[in-house]
Amino acid sequence: MTGKADLDRPEKTVRPANKRGVARLVAVQALYQMDVGGAPLTSVVSEFTAFRLGKEIDGAQYRDADEQWFKQIVAGVVEDQKFLDPYIHTALTEGWPLKRIDSLLRAILRSGSYELLRRKDVPAKVIISEYIDVAKAFFEDDEPGLVNGVLDRLAHELRNAELDSGKADGAS
């Protein structure tokens, strides 16, 4: 597009990812690879840690990631998937079962749901924000909003006391 309106519109800003943020992004990629290719957990985790995290591939430099965080997310999603999927399904719009959702989007929702369920040491709002950023790395349309909506619903179900206490303290 060209024209004056383009000049007035600010450029899309992307926050630099920290090591945990990179771990989340790479975990989603690993889960996607497992879902689409059927590769086992151990081989995918080994491949990512040996050849991707902090490495250069075909001229592209992968950022350093918190390797333990990456491994915990991937293993945790695999271990808890039978528990996570029904939760995610209930947070989706009626008529949109999880199996109809794009594989990459499923990986994002599963990872975020896992962290909401198992990583009580990380504030729910941080988890939601981080996975919205992951969705923005892959999608430009409505998907980041879907991630926001689903994870927010799950956070209210799984961590309602945490979210309510934030409102009482005047936090946004």
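Computed from a predicted structure; not experimentally measured.

## Concerning helix H3 (residues 41-51)
- Regarding H3, the residues found buried are Val44, Val45, Phe48 and Thr49. Down the axis of H3, the buried set is contained in an arc of 120 degrees. They therefore lie on one face. What points out from H3, more than 90 degrees from its buried face, is the exposed set Thr42 and Phe51.
- Of the surrounding elements, those touching the buried residues of H3 are helix H2 (19-37) and helix H4 (67-91).

## So, the pattern of salt bridges
- Throughout the structure, instances matching the rule amount to eight salt bridges.
- One salt bridge connects Arg24 with Glu115, and the closest N-O pair in it is separated by 2.8 Å. In this pair, Arg24 sits in helix H2 while Glu115 sits in helix H5 (residues 103-118), placing the two residues 91 residues apart along the sequence.
- Residue Arg24 is classed as buried on the basis of its relative accessible area, which comes to 3%.
- Its relative accessible area of 0% is what places Glu115 among the buried residues.
- Beyond isolated ion pairs, a larger network of salt bridges with shared partners links Arg24, Glu115 and Glu130.

## Considering the packing of H3 against H4
- Contact geometry of H3 with H4 gives a least axis separation of 11 Å together with a crossing angle of 160 degrees. Judged by the inter-axis angle, H3 sits roughly antiparallel to H4. Handedness of the crossing formed by H3 with H4: right-handed. Contacts between H3 and H4 involve Leu41, Val45, Phe48 and Thr49 on the former and, on the latter, Glu67, Phe70, Lys71, Val74, Ala75 and Val78.

## Focus on the confidence of the model for the chain
- Of all residues in the chain, 82% have pLDDT values of 70 or greater, and the mean over the chain is 84.
- Of all the helices and strands in the chain, helix H1 (residues 4-8) carries the lowest mean pLDDT, 40, while H5 carries the highest, 97.
- The model gives residues 1-14 a pLDDT under 50, and that stretch makes two contacts with residues more than four places away or in other chains.
- Taken as a whole, residues 168-172 scores under 50 in pLDDT and shows three contacts with residues more than four places along the chain or in a different chain.

## Things to note about the packing of aromatic side chains
- Tallied over the entire structure, the rule returns two aromatic pairs.
- Cation over ring: Arg20 sits above Trp69, and NZ or CZ is 3.6 Å from the ring centre.

## Considerations on the environment of Asp102
- Considering the arrangement of structural elements, one finds Asp102 in the loop between H4 and H5.
- According to the relative accessible area criterion, Asp102 is partly exposed, its value standing at 41%.
- Expressed as a C-alpha distance, the spacing of Asp102 and Tyr32, which sit 70 residues apart in the sequence, is 9.8 Å.

## Considering the environment of Leu53
- Considering the arrangement of structural elements, one finds Leu53 in the loop between H3 and strand S1 (56-57).
- C-alpha of Leu53 to C-alpha of Ala23: the two residues are 30 residues apart in sequence and 8.6 Å apart in space.
- Not counting the four nearest positions on each side in its chain, Leu53 is found in contact with Val26, Phe48, Arg63, Ala65, Glu67 and Phe70.

Criteria and cut-off values
- Residues numbered from 1 in each chain as written.
- Predicted model: local features only at pLDDT ≥ 70, side-chain atom pairs only at ≥ 80, totals over all residues.
- Heavy atoms only, no water.
- Buried < 20%, exposed > 50% of the residue type's maximum accessible area, 1.4 Å probe, protein only.
- Helix = DSSP H or I, 4+ residues; strand = E, 2+ residues; numbered from the N terminus.
- Arc of directions from axis to C-beta.
- Contact = heavy atoms within 4.5 Å.
- Salt bridge = Lys/Arg side-chain N within 4 Å of Asp/Glu carboxyl O.
- Axes fitted to C-alpha atoms, helices over the stretch in contact; angles between N-to-C directions.
- Parallel < 35°, antiparallel > 145°, perpendicular 65-115°, else oblique.
- Left-handed = near helix turned anticlockwise from the far one by under 90°.
- pLDDT = per-residue confidence, 0-100.
- Phe/Tyr/Trp six-rings, centres within 6.5 Å; stacked < 30°, edge-to-face > 60°.
- Lys NZ or Arg CZ within 6 Å of the ring centre and 35° of its normal.

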